Amino acid sequence: MARIAYDDPDASAFASTRHLGDEEAGEWRAAVTRHLGPRPGMRLLDLGAGTGSWAKAFSSWFPGLEVTAVEPSAAMRERSVYQPTIAGDAADIPLPDASVDAAWISTVIHHVPDLAAAARELRRVLRLGALVLIRSAFAGRHGAITLFRYFPEAIRVLDTYPSVAQVEAAFAGEGFCTVGLEQIPQITAASLHEAAATLRRAAHTPLQLITDEEYDAGVRRLRRSALTESGPVIDALDLLVLRKD
């Protein structure tokens, strides 16, 4: 399913640096509330749940929401802060037909090799009218993400990711329509100094797929800026909302 292995080193780096706290993810909470209207008894699929931070957050934010976390990487599942996190991927979701009310897919869509097959499998497990919320960096839409300011070489990796139009087309072919697309801000780090100090290459697919020389140059740029810039690091990722018709 993944462009990278998500073995023990990758999973460890992800778990230690990619979780957002409640305050940092406040705008995401508001966006999920606005689109889904979570309620007790609602069933949400977290597909590609990673180390479980979103599944845990949803369970805390929305009491009574029934979250099913599905993750293909054994190393990620072992480190998940939400249990159970069960084995499965976008082509093989271990759930019955028409059994969930919504799906959340966070920074995963670029790891899916067959978007049409994923859309077909999601259509199978989702109920009529269910929403799919895709949180991602899409090809050509890097301007609001700090990482690419210091690692511009990684833009070429991002540009191999699916575009919004490609995802929409794949899902439209399986009976989904687009509800909306918006950028959601988040506090990625308290400061650029913190971002530089905690950066782990293994936690970021675009950084793993550039050369060592390009990565080292980016680290130097980041550390130089961290000496003079203050204030939180605020990024914005896209939220693409689709509906099963």
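Here is a short report on the structure shown in this document. Note that the coordinates shown come from a computational prediction; the quantities given were computed from them, not determined experimentally.

What counts, and at which threshold
Residues numbered from 1 in each chain as written. Predicted model: local features only at pLDDT ≥ 70, side-chain atom pairs only at ≥ 80, totals over all residues. Heavy atoms only, no water. Buried < 20%, exposed > 50% of the residue type's maximum accessible area, 1.4 Å probe, protein only. Helix = DSSP H or I, 4+ residues; strand = E, 2+ residues; numbered from the N terminus. Pairing = 2+ DSSP bridges. Right-handed = clockwise from strand over helix to strand, strands pointing away. Salt bridge = Lys/Arg side-chain N within 4 Å of Asp/Glu carboxyl O. Contact = heavy atoms within 4.5 Å. Axes fitted to C-alpha atoms, helices over the stretch in contact; angles between N-to-C directions. Phe/Tyr/Trp six-rings, centres within 6.5 Å; stacked < 30°, edge-to-face > 60°. Lys NZ or Arg CZ within 6 Å of the ring centre and 35° of its normal.

Quick word on the pairing of strand β4 (residues 100-106)
Point 1. Counting buried positions along β4 yields seven of seven residues, so the element is predominantly enclosed.
Point 2. In this sheet, β4 lies alongside strand β1 (residues 43-47) in parallel orientation, the contact comprising three bridges. In the strand pairing of β4, Leu 45 is matched with Ala 103.
Point 3. Taken together, the six bridges between β4 and strand β5 (residues 126-136) define a ladder with parallel strand orientation. Note that in β5 the partner of Ala 103 across the bridge is Val 132.
Point 4. Between the parallel elements β4 and β5, the chain passes through helix α5 (residues 115-125) in a crossover that is right-handed.

So, the pattern of salt bridges
Point 1. Applying the stated criterion across every chain yields a total of twelve salt bridges.
Point 2. Here Arg 34 and Glu 182 are joined by a salt bridge, their closest N and O atoms 2.7 Å apart. Within this pair, whereas Arg 34 is found in helix α2 (residues 26-36), its partner Glu 182 is found in strand β6 (residues 176-189), the two being separated by 148 residues in sequence.
Point 3. Residues Arg 201 and Asp 212 are paired through a salt bridge, measuring 2.8 Å at the closest nitrogen-oxygen approach. One end of the pair, Arg 201, is in the loop between α9 (192-198) and α10 (205-208); the other, Asp 212, is in helix α11 (residues 212-226), and eleven residues separate them in sequence.
Point 4. Relative accessible area serves as the criterion here: at 47%, Asp 212 is assigned to the partly exposed category.
Point 5. One connected set of salt bridges, linked through shared partners, spans Asp 97, Glu 121 and Arg 124.

A few points about the sheet that holds strand β3 (residues 85-86)
Backbone-to-backbone hydrogen bonds pair the strands of a sheet. The strands run either parallel or antiparallel.
Point 1. Within the open sheet, the seven strands sit side by side as β3-β2-β1-β4-β5-β7-β6. Their pairing is mixed. Lying at the two open borders of the sheet, with one neighbouring strand each, are β3 and β6.
Point 2. By the bridge criterion, five bridges tie β1 to strand β2 (residues 66-70) in an arrangement that is parallel. Within the sheet, the bridge partner assigned to Arg 43 lies in β2 and is Glu 66.
Point 3. Packing of helix α8 (residues 164-172) onto the sheet brings it into contact with β5, β6 and β7 (233-244), and relative to β7 it is tilted by some 20°.

A few points about the packing of aromatic side chains
Point 1. A full pass over the atoms with the stated rule returns eleven aromatic pairs.
Point 2. On the numbers, 5.9 Å between centres and 35° between planes, the contact of Trp 54 with Phe 58 is tilted. Of this pair, Trp 54 and Phe 58 both sit in helix α3 (residues 53-61), separated by four residues, roughly a single helical turn. Across this residue pair, the class does not change: Trp 54 and Phe 58 are buried.
Point 3. Counting every residue linked through ring pairs, the aromatic cluster contains Trp 28, Trp 54, Phe 58, Trp 61, Phe 62 and Trp 104.
Point 4. Taking the ring centre of Trp 28 as reference, the NZ or CZ of Arg 135 above it sits at 4.9 Å.

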